[in-house]
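Topology and contacts: notes
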Amino acid sequence: QVQLVESGGGLVQAGGSLRLSCAFSISISSNNAMGWRRQAPGKQRELVAGISIGGSTNYADSVKGRFTISTDSAKNTLYLQMNSLKPEDTAVYYCYISVQIGKNLYRDYWGQGTQVTVSS
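Quick caveat, the model's predicted, so the values are computed rather than measured.

Here is what the cut-offs are and how they apply
Residues numbered from 1 in each chain as written. Predicted model: local features only at pLDDT ≥ 70, side-chain atom pairs only at ≥ 80, totals over all residues. Heavy atoms only, no water. Pairing = 2+ DSSP bridges. Helix = DSSP H or I, 4+ residues; strand = E, 2+ residues; numbered from the N terminus. Axes fitted to C-alpha atoms, helices over the stretch in contact; angles between N-to-C directions. Core = buried A, V, L, I, M, F, W, Y, C linked by side-chain atoms within 4.5 Å. Buried < 20%, exposed > 50% of the residue type's maximum accessible area, 1.4 Å probe, protein only. Salt bridge = Lys/Arg side-chain N within 4 Å of Asp/Glu carboxyl O. Contact = heavy atoms within 4.5 Å. Phe/Tyr/Trp six-rings, centres within 6.5 Å; stacked < 30°, edge-to-face > 60°. Lys NZ or Arg CZ within 6 Å of the ring centre and 35° of its normal.

The next subject is the sheet that holds strand β8 (residues 77–82). The four strands lie next to each other as β1-β3-β8-β7, forming an open sheet whose pairing is antiparallel. With partners counted over all chains shown, the strands left at the sheet margins are β1 (4–7) and β7 (67–72), one partner each. Here the average twist between neighbouring strands, direction ignored, is 15°. Two strands pair when backbone bridges link them, and β1 and strand β3 (residues 18–24) are joined in this way by four bridges, in the antiparallel orientation. Within β3, the position partnered with V5 by the bridge is A23.

In this section: the nonpolar core. With 30 residues, the main nonpolar core has W36, L78, L80, M82 and Y93 as its most contacted residues. Elements supplying a minimum of two residues to this core: β3, β4 (33–39), β5 (46–51), β7, β8, β9 (91–102) and β11 (114–119). Examining the composition of this core, we find that five residues originate from one element, β9, more than from any other.

Per the stated rule, a full pass over the model turns up four salt bridges. K64 is the salt-bridge partner of D61, the closest N and O atoms lying 3.4 Å from each other. Accessibility assignment for this pair places D61 and K64 in one class, exposed. If you follow the salt bridges from partner to partner, you end up with R38, E46, R66 and D89 in one network.

Below, the discussion takes up the environment of V92. With respect to the helices and strands, V92 occurs in strand β9. With 53 residues separating them in the primary sequence, V92 and Q39 have C-alpha atoms 5.3 Å apart. Contacts of V92, omitting those with residues within four sequence positions, involve R37, R38, Q39, G113, T114 and Q115.

In this section: the packing of aromatic side chains. For any two aromatic rings, the description comes down to two numbers: the centre-to-centre distance and the angle of the planes. In the structure shown here, the tally under the stated rule is one aromatic pair. With a centroid separation of 5.2 Å and an interplanar angle of 40°, the aromatic rings of Y96 and W110 are classed as tilted. Residue Y96 is located in strand β9, and its partner W110 is located in strand β10 (residues 105–110); the two are separated by 14 residues in the primary sequence. By relative accessible area, which is 15% here, Y96 ends up buried. One residue, R45, lies across the ring of Y94, its end atom 3.9 Å from the ring centre. For the cation-ring pair, R45 lies above W110, with the distance from its terminal atom to the ring centre recorded as 5.8 Å.

Listed below in structure tokens is the structure:
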């Protein structure tokens with residue numbers, strides 16, 4: 001069973017910064033796809049930033065240049081550094097990881113979510 005524990009959310013003023021962390025109960029590597037999604041009240045859950053198998057990264061247009069996704073394999077942890085935060089970034093943020101469990105067979109796991117609130 002794979003466990004994910006998120007931390008780092010909170011209340012911050014516009015223009016400020018936060019760093020979210022997601023600690024996994026398993027070792028992570030370039031064989032894992034992982035990342036962050038967020039959901040604001042009344043809106044669809046959207047991809048914020050992701051790391052594909054092989055290590056390439058991708059970001060939502062709304063956060064490019066402000067957010068950075070990274071990993072620390074020694075700590076089995078995924079990070080999201082968020083700078084120049086805007087009120088529209090307010091949402092619950094969820095981390096995820098895709099784990100290979102068989103040939104051409106993968107299973108996704110999700111964190112419990114952490115609230116980010118940006119005041120104007």
